[in-house]
Amino acid sequence: MRQLKVCYLSRSLSSVQKAVEEALHFGYQINPDALKLLQKLAERRRAKPGESEPSLDIIVRGVIDKKAKEDLGQAIESNDLKEMYPELFDFVEVGQVRVEVSVVEKANTTNKPDVEIIEDPSFDIQPTGVEGFSQLFKSRYEKIVRILMERPEARQLTKISKVNMEKGNVKIAGLVFSKKPTKTGGLEFTLDDDTGNTSLLALSPEAKKSASDIALDQCVMVDAEAVQGKLIVKNVIQPDIPNKLASTSKKTVYAIFLSDLHIGSNKFMDSAFNRFLEWLGGLGGMLNEEDEEIIRRLKYVIIGGDVVDGVGVFPNQEYELVEQNIYKQYEMVSEKLKLVPKHLQMFVIPGNHDATRQALPQPMIPRKYAESLYSLPNMRMLGDPCLFKLHGVSVLAYHGRSLDDVLATTPGLSYEKPEEAMKVLLRARHLAPIFGLRTPIAPEIQDHLVIDEVPDIFHTGHVHTVGYERYKSTLMINSGTWQAQTGYQANLGISPRPGIVPIVNLATIEITWREFLTSTSVSSKQVV
Ligand code: FE
Ligand code: ZN
């Protein structure tokens, strides 16, 4: 089988080669996109031999004659081919992406998706109006204190109103209300619980270190000593995630994590995404044995938001869009995603570019905007954030809007390592601890952004860079983007990492990745 493929490939190359030589002979060059079309046509012909159509060199010659007559330059582009021979290249117009049925058919379709949605805010958000913020923070405090109480250090936890300010050890928990440096180089912060508030001083190097990375509005526990009316911090304790064993699937099943497609933007990397879809469809010639094994056992594709670029998301966005109608942008998304093989279960959560409520938690993208996505038989639309289990492995999917705030306010973090910001969220046990910066948060009765359950996989996107790391038992993945650098990102000095696909084996929670940026370099890297 493998040898046959090589044979096919060289046969198709030789007819392409002839076409290239024909062009060169007349002083023309074939641009990469056009070359790819010709290669695809050649491959298609070897799959369906016997069609009496003009050979590739004759096709190229036809284009050259036309361009010479109309003085249209000496580069042959894909559009030249499509315009002159629409019937030959219709497979690219209609299908855009072909699939190699043999590999996909070999996929173990008896191994059915095993999905359990644990928490989806779409159905239980209850916005309350501005006065509801006090309820929201009360819920945040109560939920995180419950998490803190699981730690042995929380045994002597006291309410702030009951603290003896004169002497003795004090353990309190509350939301960080304010934080500022003192004149003597220390750090002063205020903690709020449901009985009152108090100021604390971090003066020793250890205390300052533990207090330095706490975010405003997050809930922490503080170990302090009361000295004549002042509380001197010994240690600030984050709720954090415990060490536990990650759940794994009994069978080898793979899940793919994507985000930030930004379809509708003129920076959407269409060819790279098509290459990925072809790979997903098992296109012959591109796959090695490891890829075939992954594709056979692949079951899930999780898309973490910003599937479209949206409309009116930032000033002058219209100049960066190829499609200004939000409904049509979602249709463009489904044109792509309908090519994902039907035995793969897809999930889409919204991001800040999607057409749903912007404040967190975000309900799923409403059906009225994305009818065509809803009608895909293997699509499941979910809210942001969402917790679900795939073959017993829990996945917390969150678009990641608050990563901007964490990156902006935590010293030493950068966009190149989004996993470090994800770790801050896990340690805070909250997806958006900082209130009032760039992340809009809705006044809900319940704080749905508390990380109640420790996920086996924590998936985010939004910052358009790739990063993954295991923190305790949780695999953190930030899945990059399919959008090239925008002017906005260039101004901020952010270099996106587009076209990279993280793939996780749910039986081992090991991650590997493939890159689709160029036609030649599909590479992978293993990390644990
Ligand atoms: Fe994005
Ligand atoms: Zn985003």
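### Things to note about the overall build of the chain
Here comes step 1: Helices and strands together make up the secondary structure of the chain, namely 15 helices and 20 strands.
Here comes step 2: Split into buried and exposed, the 528 residues of the chain put 54% on the buried side.
Here comes step 3: If you sum the accessible surface of the chain, you get close to 23,300 Å²; carbon and sulfur atoms cover 52% of it.

### Brief notes about the coordination of the iron ion (ligand 1)
Reference geometry at the metal: tetrahedral coordination by four donors gives ideal angles of 109.5 degrees; octahedral coordination by six donors gives 90 or 180 degrees.
Here comes step 1: Protein coordination at the iron ion (ligand 1): the donors are D260 (OD), H262 (NE2), D306 (OD) and H464 (NE2), at 1.9 to 2.3 Å from the metal.
Here comes step 2: Angles of 85 to 178° at the metal separate the 4 donor atoms of the iron ion (ligand 1), which places the site in the irregular class.
Here comes step 3: Distance-wise, the zinc ion (ligand 2) is placed 3.1 Å from the iron ion (ligand 1), both being coordinated by D306. Placement of the pair is D306 in the loop between strand 10 (298-303) and helix 11 (326-337) and H464 in the loop between strand 15 (457-460) and strand 16 (466-471), with a sequence separation of 158 residues. Taken as a pair, D306 and H464 share a single burial class, namely buried.

### Observations regarding the coordination of the zinc ion (ligand 2)
Here comes step 1: Every protein donor of the zinc ion (ligand 2) is accounted for by D306 (OD), N352 (OD1), H399 (NE2) and H462 (ND1), and the metal-donor separations fall at 2.1 to 2.2 Å.
Here comes step 2: Coordination at the zinc ion (ligand 2) comes from 4 donor atoms whose angles at the metal span 88 to 165°, giving a geometry best classed as irregular.
Here comes step 3: In the primary structure, the donors to the zinc ion (ligand 2) are separated according to the pattern D-x45-N-x46-H-x62-H.

### Concerning the pattern of salt bridges
Here comes step 1: Taken as a whole, this structure holds 24 salt bridges when the rule is applied.
Here comes step 2: Between R427 and D240 there is a salt bridge, with its nearest N and O atoms 3.7 Å apart. Taken as a pair, R427 in helix 14 (residues 418-428) and D240 in the loop between strand 8 (230-237) and strand 9 (254-258) lie far apart in primary sequence, 187 residues in all.
Here comes step 3: Taking the shortest distance from any N to any O, the salt bridge between R438 and D404 comes out at 3.7 Å. Of the two residues, R438 is situated in the loop between helix 14 and strand 15 and D404 in helix 13 (residues 403-409); the sequence distance between them amounts to 34 residues.
Here comes step 4: Each of E292, E293, R296 and R297 takes part in salt bridges that share partners, so that together they form one network.

### Some remarks on the nonpolar core
Here comes step 1: Core analysis: the biggest nonpolar cluster contains 42 residues, and I256, F276, W279, L337 and W482 have the highest contact counts within it.
Here comes step 2: Element by element, the count of residues in this core is highest for helix 9 (residues 270-280), at 6 residues.
Here comes step 3: Here I256 is in contact with F276, W279, L280, L298, Y300, V301, I302, V501, P502 and I503, once residues within four sequence places are set aside.
Here comes step 4: Core analysis: the next-biggest nonpolar cluster, separate from the first, contains 38 residues, M221, I237, L360 and Y471 among them.

### Concerning the pairing of strand 10
Here comes step 1: Among the 6 residues that make up strand 10, 6 are buried, leaving the element largely enclosed by the rest of the structure.
Here comes step 2: Relative to strand 10, strand 9 runs parallel, the two sharing 5 bridges. Within the sheet, the bridge partner assigned to I256 lies in strand 10 and is V301.
Here comes step 3: As paired strands, strand 10 and strand 11 (residues 345-348) are joined by 4 bridges and run parallel to one another. Opposite V301, over in strand 11, you have M346 as the bridge partner.

### So, the sheet that holds strand 13 (residues 386-390)
Here comes step 1: Strand order across the open sheet formed by 6 strands is 3-13-14-15-17-16, with mixed pairing between neighbours. The open sheet has two edge strands with one neighbour each: strand 3 (115-119) and strand 16. Mean inter-strand twist for the sheet, computed between neighbouring axes without regard to direction, equals 20°.
Here comes step 2: Where strand 15 meets strand 17 (residues 474-479), 4 bridges bridge the pair, whose relative direction is parallel. Opposite F458, over in strand 17, you have M476 as the bridge partner.

### Section: helix 10 (residues 289-297)
Here comes step 1: Buried within helix 10 we find D291, E292, I294 and I295. Down the axis of helix 10, the buried set is contained in an arc of 160°. They therefore lie on one face.
Here comes step 2: Between the side-chain oxygen of the N-cap and the backbone nitrogen of E290 there are 3.1 Å, and the N-cap of helix 10 in question is N288.

### Topic: the layout of surface pockets
Here comes step 1: Estimates place the volume of the second largest pocket at around 460 Å³.
Here comes step 2: What lines the second largest pocket is a set of 22 residues, among which N352, H353, R438, H462 and Y488 lie closest to the centre.
Here comes step 3: The element best represented in the lining of the second largest pocket is helix 15 (residues 487-492), accounting for 3 residues.
Here comes step 4: Classifying every residue of the lining of the second largest pocket gives 7 nonpolar, 9 polar and 6 charged.

### As for the confidence of the model for the chain
Here comes step 1: When the pLDDT values of the chain are averaged, the result is 87; 90% of them are 70 or greater.
Here comes step 2: In the model, residues 1-12 has pLDDT below 50 throughout and makes 12 contacts with residues more than four positions away in sequence or in other chains.
Here comes step 3: Overall, residues 92-96 carries pLDDT values under 50, and its contacts beyond four positions in sequence, including any with other chains, amount to 11 contacts.

### Overview of the environment of A370
Here comes step 1: Looking at the secondary structure, you find A370 in the loop between strand 11 and helix 12 (371-374).
Here comes step 2: In this view, A370 contacts Y330, I365 and M381; residues no more than four positions away in its chain are not counted.

### Here we look at the sheet that holds strand 8
Here comes step 1: Taken together, 5 strands build a closed barrel; the order of strands is 4-5-6-8-7 and the barrel is mixed. Adjacent strand axes in the sheet meet at a mean angle of 55° when their direction is disregarded.
Here comes step 2: Summarising the sheet, strand 7 (residues 219-227) and strand 8 pair through 7 bridges and their orientation is antiparallel. Bridging across to strand 8, V222 finds its partner in V236.
Here comes step 3: Set on the sheet, helix 8 (residues 205-212) makes contact with strand 4 (167-181), strand 5 (187-192), strand 6 (197-202) and strand 8; between it and strand 8 the angle comes to about 60°.

### Looking at the packing of aromatic side chains
Here comes step 1: Under the defined criterion, the tally for this structure stands at 11 aromatic pairs.
Here comes step 2: A ring pair is formed by F137 and F435, whose centres lie 5.4 Å apart and whose planes are at 85°; its orientation type is edge-to-face. Of this pair, F137 sits in helix 7 (residues 132-148) while F435 sits in the loop between helix 14 and strand 15; the two residues are 298 residues apart in sequence, bridging distant segments of the chain.
Here comes step 3: Among the residues examined, F137 registers a relative accessible area of 17% and is labelled buried.
Here comes step 4: Here a set of aromatic residues connected by ring pairs shows up, and it is made of F268, F273, F276, W279, W482 and F516.

Parameters at a glance
- Residues numbered from 1 in each chain as written.
- Chains lettered and ligands numbered in written order.
- Predicted model: local features only at pLDDT ≥ 70, side-chain atom pairs only at ≥ 80, totals over all residues.
- Heavy atoms only, no water.
- Helix = DSSP H or I, 4+ residues; strand = E, 2+ residues; numbered from the N terminus.
- Buried < 20%, exposed > 50% of the residue type's maximum accessible area, 1.4 Å probe, protein only.
- Areas by Shrake-Rupley, 256 points an atom, 1.4 Å probe, with all protein chains shown as cover.
- Donors = N, O, S within 2.8 Å, 3.2 Å for Na, K, Ca; no water.
- Tetrahedral: all angles 85-135°; square planar, octahedral: opposite > 155°, others 65-115°.
- Salt bridge = Lys/Arg side-chain N within 4 Å of Asp/Glu carboxyl O.
- Core = buried A, V, L, I, M, F, W, Y, C linked by side-chain atoms within 4.5 Å.
- Contact = heavy atoms within 4.5 Å.
- Pairing = 2+ DSSP bridges.
- Axes fitted to C-alpha atoms, helices over the stretch in contact; angles between N-to-C directions.
- Arc of directions from axis to C-beta.
- Polar contact = N/O pair within 3.5 Å; in protein donor to acceptor, adjacent residues only side chain to side chain.
- 1 Å grid on protein atoms, 1.4 Å probe; cavity = no way out; pocket = protein on both sides within 12 Å on 5 of 7 lines; lining within 4 Å.
- Points joined across faces, edges and corners; volume = space filled by probe spheres on them.
- Nonpolar A, V, L, I, M, F, W, Y, C, P; charged D, E, K, R; others polar.
- pLDDT = per-residue confidence, 0-100.
- Phe/Tyr/Trp six-rings, centres within 6.5 Å; stacked < 30°, edge-to-face > 60°.

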